[in-house]
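Listed here are the chains, written in short residue letters.
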Amino acid sequence: LAALAILTLGLDRDRAGADAAQADGSAFTQARLDGLLAQGKPVFVNMTAAWCITCQVNERVALRAEAVQAGLKARGITALKGDWTNQNPEITRLLERHGRSGVPLYLLYAGAGEPTVLPQILTPGLVLEALQAVPLAAADRSAALTEVRP
């Protein structure tokens, strides 16, 4: 119960975070996703809602983990966050396309074709394993090669 109380107290902070995500350009829109995919960029889509306890736990435990954030950056993956708190119709259509009637929904677009749908319960290891489908970004690849040479 204490954990639930702490989690509930953090929901207001998460709502503020959703506003900040929209301000920094990472808020989901279908047009933004389509544009990134047309450019051949890898994308991680996080469909969430302020009232979704599973979503909030996944954010804290897995998606905000330092290793996951570093993995996204190293692979040049753009993270988009869709807030379904008020059941945005654009997000509803995406959920339905993937056979879901609600959140959470996590999609990894690694390249051409359909995205990988991650499970509804995440761990850092599970997310990092999924990210392996995306090659390292060019800058990180050359840095890794430089480090390997004696």
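Residues numbered from 1 in each chain as written. Predicted model: local features only at pLDDT ≥ 70, side-chain atom pairs only at ≥ 80, totals over all residues. Heavy atoms only, no water.

S.K.: Sorry, what's going on with the pairing of strand β1 (residues 43-48) here?
M.R.: Looking along a regular strand, one sees side chains alternate from face to face of the sheet. Among the six residues of β1, six are classified as buried, and the element is accordingly described as predominantly covered. Here β1 shows a buried face lined by V43, V45 and M47 and a second buried face lined by F44, N46 and T48. Alignment of β1 against strand β3 (residues 105-109), held across five bridges, turns out to be antiparallel. Opposite M47, over in β3, you have L105 as the bridge partner. (Buried < 20%, exposed > 50% of the residue type's maximum accessible area, 1.4 Å probe, protein only. Helix = DSSP H or I, 4+ residues; strand = E, 2+ residues; numbered from the N terminus. Pairing = 2+ DSSP bridges.)

S.K.: Would you take a moment to explain helix α6 (residues 89-97) for this structure?
M.R.: Structural remark: α-helix, 3.6 residues per turn; residues separated by three or four positions point the same way. If you check which residues of α6 are buried, you get I91, L94 and L95. For α6, the angular spread of the buried residues around the axis is 100 degrees, confining them to a single face. Those residues of α6 that are exposed and aimed more than 90 degrees away from the buried face are P89, E96 and R97. One side-chain oxygen of the residue at the start of α6 lies 2.7 Å from the amide nitrogen of E90, identifying that residue as N88. Looking one or two places after α6, you find G99, whose phi comes out positive at around 70 degrees. (Arc of directions from axis to C-beta. Polar contact = N/O pair within 3.5 Å; in protein donor to acceptor, adjacent residues only side chain to side chain.)

S.K.: So what exactly am I meant to see when it comes to the sheet that holds strand β4 (residues 116-118) here?
M.R.: One key point about sheets: their strands pair by backbone hydrogen bonds, in either a parallel or an antiparallel sense. With mixed pairing, four strands are arranged side by side in an open sheet as β2-β1-β3-β4. A strand with exactly one partner marks an edge of an open sheet, and here the two such strands are β2 (78-83) and β4. With strand direction ignored, the average angle separating the axes of adjacent strands in the sheet is 20 degrees. Sheet topology places β3 next to β4; three bridges connect them, and they run antiparallel. If you follow L107 over to β4, its bridge partner there is V117. Against the sheet, helix α4 (residues 53-63) engages β1, β2 and β3, with an angle of about 145 degrees to β1. (Axes fitted to C-alpha atoms, helices over the stretch in contact; angles between N-to-C directions. Contact = heavy atoms within 4.5 Å.)

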